[in-house]
Amino acid sequence: MATFKYKIVEFAPDQKMEKAFNDLGKDGWDLVSVTPIGLKVEGDYDSTHGYGGGETLGRFEKIAAYFKKEV
């Protein structure tokens, strides 16, 4: 049965990660998944008498890349 170790790399959405991913691949790390994390929501929301309304704006401040490597 195979055993793995894992690595999580966080980066900004506008950061170029191709070189970092290629370097990790050369070291034997396999990319498993990439997902947005760190949602920042700004705005106003009001819930009065069971009714809600308002305006909000959200964006992800970070991206996480998940890698695994067989040991």
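(A) View of the overall build of the protein. For the protein, the count of helices and strands is one helix and three strands. Expected size for 71 residues packed as a compact globule is a radius of gyration near 11 Å; at 19 Å, the protein overshoots this value by more than 25%. In terms of overall dimensions, the protein has C-alpha extents of about 55 × 30 × 10 Å along its principal axes. The buried share of the protein, taken over its 71 residues, is 13%. In the protein, the proportion of contacts linking residues at least 24 apart, taken out of those at least 6 apart, comes to 66%. Summed over all atoms, the accessible surface of the protein reaches about 5,800 Å², with 51% contributed by carbon and sulfur. On the protein, the mean spot of the 10 positive side-chain charges and the mean spot of the 12 negative ones are 11 Å from each other.

(B) Region of the structure containing the nonpolar core. Listed in full, the eight residues of the largest apolar core are V9, F11, M17, L24, W29, I63, A65 and F67. When residues in this core are grouped by element, the largest group, three residues, is from strand 3 (residues 51-70). Look past the residues within four positions of V9 in its chain and what remains in contact with it is M17, L24, I63, A64, A65 and F67.

(C) Here's a closer look at the environment of D14. Its place among the elements puts D14 in the loop between strand 1 (4-11) and helix 1 (18-26). Each C-alpha atom, one on D14 and one on E70, is 30 Å from the other, the two residues being 56 residues apart in sequence.

Cut-offs used in this document
Residues numbered from 1 in each chain as written. Predicted model: local features only at pLDDT ≥ 70, side-chain atom pairs only at ≥ 80, totals over all residues. Heavy atoms only, no water. Helix = DSSP H or I, 4+ residues; strand = E, 2+ residues; numbered from the N terminus. Rg over C-alpha atoms; globule rule 2.2 N^0.38 Å. Buried < 20%, exposed > 50% of the residue type's maximum accessible area, 1.4 Å probe, protein only. Contact = heavy atoms within 4.5 Å. Areas by Shrake-Rupley, 256 points an atom, 1.4 Å probe, with all protein chains shown as cover. Lys, Arg positive; Asp, Glu negative; His and termini not counted. Charge placed at Lys NZ, Arg CZ, Asp CG, Glu CD. Core = buried A, V, L, I, M, F, W, Y, C linked by side-chain atoms within 4.5 Å.

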